[in-house]
Amino acid sequence: MKNQLIDISEADAKKILPAHICKKVSEKKAYVFCGEENEEIVSIAVFSESQSDRVMLEYIQVPENLRRMGYAHELMEYCYTTFSRAGVKRIFCKCSDTLEGLQLMYKFLLSEEFIPLTFDGHLIEYYVQDLMDSPMIRRILEQYEQIPNVISITDTKHPYLKDFSVHCKEMSTCLNWDIFDLKWSRFYVQNERIVGTFLSRRVDERTLYIPITFVDKGKIDMKAFVLLLAACVQQVQQEMPEDAIIKLQALEADTYHAMQKICDDSETDYLLQEYVRILNE
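It should be emphasised that the depicted structure is a prediction, and the values quoted were computed from it without experimental measurement.

Along the polypeptide, E100 turns up in helix α4 (residues 99-111). We classify E100 as exposed; its relative accessible area is 61%. In sequence terms E100 and Y188 are 88 residues apart; their C-alpha atoms lie 38 Å from each other.

Have a look at this one:
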């Protein structure tokens, strides 16, 4: 059995990896490991770097006919050793699936000494047209051409954004710039400060992904949440195809319940769970 870190071409990646993983490979934002036996790939794992001392397990796969033979474990052991030598301290893994799917991943990750974090939530998918048909969203879009208090910021040095970054650090929250794009994000501003935001990115031709939603409940109410969502819907309506979809990560119960009130016609509603593996020194 031979395990190794490989430099895979975009063409070869498309033959064996999902589209969203191929995109990371093509952008040189992924580490691809594989296990080979008799010149046949028997396991593959893909990681992305989130910070200098931590990585994210994005994908792991063993052909169905070769499972339960220890190939995934052997490859992961090689990955742990490789990352540890490079100074990586933690490996995170975020899963989204049905309850049955999460249970299978749970068993594997626990066998690999990953620790479940006190983190769960939902990954909800909507057709934008369904969101536009929501009475709350439709009323806002009909009433306003420019949604009040909601702005776009594309300059990373903008004073509002710098102040917001400091505020996030005070709350021990790290803004991972790799998972959102300012062009597709929207900010709720009050008294010259960001007090709410939808941090988003366009992941493909017809999908807007919103991994981070934030509303400072001490300063504003959930009306700001609806206005921010309406601003995202408005941009998608203007710049993306008619059959576009929005995927939103709801990590808090308030966010999830708000989305259910705004539109209860979700296309999919997956559970989320996050894990961490702490590497030895």
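What follows is about the pairing of strand β4 (residues 54-61). In this sheet, strand β5 (residues 90-97) lies alongside β4 in parallel orientation, the contact comprising 4 bridges. The residue of β5 that forms the bridge with L57 is C93. You can see the chain leave β4, run along helix α3 (residues 71-85) and come back into β5, and the turn it takes is right-handed.

Along the polypeptide, L141 turns up in helix α6 (residues 135-143). Along the primary structure L141 and Q234 are separated by 93 residues, whereas in three dimensions their C-alpha atoms are 7.2 Å apart. Ignoring anything within four residues of it in the chain, the contact list for L141 reads M132, A230, V233, Q234 and Q237.

Here the focus is the side chain of S134. For S134, the position within the fold is in the loop between α5 (128-132) and α6. Polar side-chain contacts of S134 include one of 2.5 Å to the backbone oxygen of I262. Among all residues touching S134, those that are not within four sequence positions of it are I262 and C263.

Moving on to the pattern of salt bridges. Evaluation of the coordinates by the stated rule reveals 10 salt bridges. Note that E58 and K24 form a salt bridge whose closest N and O atoms lie 3.8 Å from each other. With a gap of 34 residues between them, E58 in strand β4 and K24 in helix α2 (residues 19-26) connect regions that are remote in the sequence. Here E58 falls in the partly exposed class, since its relative accessible area comes to 26%. Note that E252 and K217 form a salt bridge whose closest N and O atoms lie 3.3 Å from each other. One end of the pair, E252, is in the loop between β11 (245-250) and α9 (253-262); the other, K217, is in the loop between β10 (207-215) and α8 (223-239), with 35 residues separating them in the sequence.

What counts and what doesn't
- Residues numbered from 1 in each chain as written.
- Predicted model: local features only at pLDDT ≥ 70, side-chain atom pairs only at ≥ 80, totals over all residues.
- Heavy atoms only, no water.
- Helix = DSSP H or I, 4+ residues; strand = E, 2+ residues; numbered from the N terminus.
- Buried < 20%, exposed > 50% of the residue type's maximum accessible area, 1.4 Å probe, protein only.
- Pairing = 2+ DSSP bridges.
- Right-handed = clockwise from strand over helix to strand, strands pointing away.
- Contact = heavy atoms within 4.5 Å.
- Polar contact = N/O pair within 3.5 Å; in protein donor to acceptor, adjacent residues only side chain to side chain.
- Salt bridge = Lys/Arg side-chain N within 4 Å of Asp/Glu carboxyl O.

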